Amino acid sequence: MSASNLKICSKGHQYVKKSDCPTCPICEQERKPSNGFLSLLSAPARRALEHQGITTLQQLSSYSEKEILALHGMGPASMPKLRNALQEQGLSFKQIK
Ligand SMILES: [Zn+2]
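Presented here is a report on the structure given in the accompanying data block. Small disclaimer: the values here were computed from a predicted structure and weren't measured.

Rules and cut-offs
- Residues numbered from 1 in each chain as written.
- Predicted model: local features only at pLDDT ≥ 70, side-chain atom pairs only at ≥ 80, totals over all residues.
- Heavy atoms only, no water.
- Donors = N, O, S within 2.8 Å, 3.2 Å for Na, K, Ca; no water.
- Tetrahedral: all angles 85-135°; square planar, octahedral: opposite > 155°, others 65-115°.
- Buried < 20%, exposed > 50% of the residue type's maximum accessible area, 1.4 Å probe, protein only.
- Helix = DSSP H or I, 4+ residues; strand = E, 2+ residues; numbered from the N terminus.
- Arc of directions from axis to C-beta.
- Contact = heavy atoms within 4.5 Å.
- Core = buried A, V, L, I, M, F, W, Y, C linked by side-chain atoms within 4.5 Å.
- Salt bridge = Lys/Arg side-chain N within 4 Å of Asp/Glu carboxyl O.

As for the coordination of the zinc ion
Now for step 1: Every protein donor of the zinc ion is accounted for by C9 (SG), H13 (ND1), C24 (SG) and C27 (SG), and the metal-donor separations fall at 1.9 to 2.4 Å.
Now for step 2: Taken together, the four donor atoms surrounding the zinc ion define angles of 106 to 112° at the centre, an arrangement classified as tetrahedral.
Now for step 3: When the donor residues of the zinc ion are listed from N- to C-terminus, their spacing reads C-x3-H-x10-C-x2-C. The residues C9 and H13 share a single accessibility class, namely buried.

Now the structure itself:
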């Protein structure tokens, strides 16, 4: 164990790696998508969805835009990303009438 193995990634995570591999395991894990669209979001927005049990676009599509936007941590900036991700799969937010 040597302190020289302690690295800090560009996001400020501290991690220890033996090799010179510059990959931060915390970033890796954050990036790890069960379904790609979650990786597009900021961490608070992603947590908001996960907290709601939404981990797939199919699940997301059963909510209206308004419902998603009301989740704690979700911001308006995330909505276009979600909309695009849904659209790419031929899905959309639930429409309210
Ligand atoms: Zn990192």
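Let us keep going from here.
Concerning helix α2 (residues 43-51)
Now for step 1: Of all the residues in α2, the buried ones are A45, R46, A48 and L49. Take α2 and look down its axis: the buried residues cluster within an arc of 155°, on one side only. The exposed residues of α2 that point more than 90 degrees off its buried face are R47 and H51.
Now for step 2: Note on α2: the residue one or two positions beyond its end, G53, has a positive phi of about 85°.

Quick notes on the environment of K94
Now for step 1: On the secondary structure map, K94 appears in the segment after α5 (79-88).
Now for step 2: Residues in contact with K94, not counting those within four places in the same chain, are S61, S62, Y63, S64, E65 and E67.

A look at the nonpolar core
Now for step 1: Counting 17 residues, the largest nonpolar core has F37, L49, L60, I68, M74, L82 and F93 as its most contacted members.
Now for step 2: Mapped by element, the contributors of at least two residues to this core are α2, α3 (57-60) and α5.

Remarks on the pattern of salt bridges
Should the charged atoms of two oppositely charged side chains come close, the side chains can pair.
Now for step 1: Applying the stated criterion across every chain, the model contains one salt bridge.
Now for step 2: One salt bridge connects E65 with R83, and the closest N-O pair in it is separated by 2.7 Å. In this pair, E65 sits in helix α4 (residues 65-69) while R83 sits in helix α5, placing the two residues 18 residues apart along the sequence.
Now for step 3: Take E65: its relative accessible area is 31%, and that puts it in the partly exposed class.
Now for step 4: Under the relative-accessibility criterion, R83 is labelled partly exposed at 36%.

A closer look at α5
Now for step 1: Every buried residue of α5 is accounted for by M79, L82, A85 and L86. The buried residues of α5 occupy an angular sector of 130° when the element is viewed end-on, so they sit on one face. Counted as exposed and oriented over 90 degrees from the buried face of α5: Q87 and E88.
Now for step 2: Of the residues flanking the end of α5, it is G90, one or two places downstream, whose phi is positive at about 75°.

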